[in-house]
Each structure stands twice: as C-alpha cells, then as structure tokens.
Amino acid sequence: MSDIVTEAVAALNEKLAGSDFGGTAKFDIAGEGCVMMDSSGARAGDEAADVTLSADAGTFKSILDGDTNPTSAFMTGKLSVDGDMGMAMQLASALA
C-alpha cells in the first residue's frame with residue numbers, strides 16, 4: 001500500500017467521523033491504489049462500490065486538504081465519477 005493511500009485512509013476517517021454517509025464509495029488514486037469508504041469509515045481496498053471517484057494523487061490530496069472543491073474538480077475534468085451521482089454528492093457533503 002502506498003504512503004498516499006495510508007495518509008488518505010487516516011484523513012478520510014477523520015472527515016467521515018460522525019457523518020451519515022450510508023453507501024459505499026471508492027477513491028481510485030491513479031498509480032497509487034484505492035480507498036474504500038462506507039458507514040464504518042475508510043480503509044485501503046479495491047472492491048465494488050456504489051460510486052467510484054477517480055483522480056490523480058495531486059487532485060485527490062488537494063480535495064482532502066480542502067484546497068479544491070470536489071464539484072469543481074469534476075466540472076474541470078480533474079475528477080471522474082462512475083456510478084451513483086447522488087452518492088457522490090452525499091460523499092462531497094460529508095467531506096466538506
């Protein structure tokens with residue numbers, strides 16, 4: 001598992017603590033690996049999910065740091081979404 005995935009799991013668990021995210025989502029970080037998120041938190045993994053969000057490591061880190069809005073990243077083509085768009089919006093709200 002890459003250092004980026006390890007850091008992402010820790011950051012996402014902090015952000016998701018206390019949220020009511022109820023589906024399954026996967027962040028696919030190009031060249032680094034995948035992070036799975038569900039109601040129990042975030043963990044490294046690559047399983048089927050309701051929605052998969054794909055981005056390069058820089059974009060992903062910028063979203064986690066709060067420097068990039070996930071919706072803006074999607075609109076500019078830096079973040080791609082495959083699957084349930086409603087679930088992606090729910091995740092964006094949980095991470096804000």
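Residues numbered from 1 in each chain as written. Predicted model: local features only at pLDDT ≥ 70, side-chain atom pairs only at ≥ 80, totals over all residues. Heavy atoms only, no water.

*Asks:* Where do I start with the environment of L95 in this structure?
*Replies:* Its location among the elements puts L95 in helix α4 (residues 85-95). Sequence spacing of L95 and S19 is 76 residues, and the spatial spacing of their C-alpha atoms is 8.7 Å. When neighbours within four sequence positions are excluded, L95 is seen to be in contact with L12, K15, L16 and F27. (Helix = DSSP H or I, 4+ residues; strand = E, 2+ residues; numbered from the N terminus. Contact = heavy atoms within 4.5 Å.)

*Asks:* What should I look at first to understand the pattern of salt bridges in this one?
*Replies:* Two side chains carrying opposite charge are able to pair once their charged atoms lie near each other. Inspection of the entire model under this criterion finds 4 salt bridges. D46 serves as the salt-bridge partner of K26, at 2.8 Å between the closest nitrogen and oxygen. Of this pair, K26 sits in strand β1 (residues 25-29) while D46 sits in the loop between β3 (41-44) and β4 (51-55); the two residues are 20 residues apart in sequence, bridging distant segments of the chain. Looking at D46, the relative accessible area reads 56%, which means it is exposed. It is possible to trace a salt-bridge network through shared partners that takes in D38, R43 and E47. (Salt bridge = Lys/Arg side-chain N within 4 Å of Asp/Glu carboxyl O. Buried < 20%, exposed > 50% of the residue type's maximum accessible area, 1.4 Å probe, protein only.)

*Asks:* Would you take a moment to explain the packing of helix α1 (residues 3-16) against α4 for this structure?
*Replies:* Axis angle and axis distance: for two packed helices, these are the angle between their axes and the distance between the axes, and together they describe the pair. α4 packs onto α1 with a crossing angle of 85° between their chain directions and a minimal axis gap of 8 Å. Our classification of the angle between α1 and α4 gives roughly perpendicular. Here L12, K15 and L16 of α1 come into contact with α4, specifically with L91, A94 and L95. Grouping the amino acids of the contact of α1 with α4 by side-chain chemistry returns 5 nonpolar, no polar and 1 charged. (Axes fitted to C-alpha atoms, helices over the stretch in contact; angles between N-to-C directions. Parallel < 35°, antiparallel > 145°, perpendicular 65-115°, else oblique. Nonpolar A, V, L, I, M, F, W, Y, C, P; charged D, E, K, R; others polar.)

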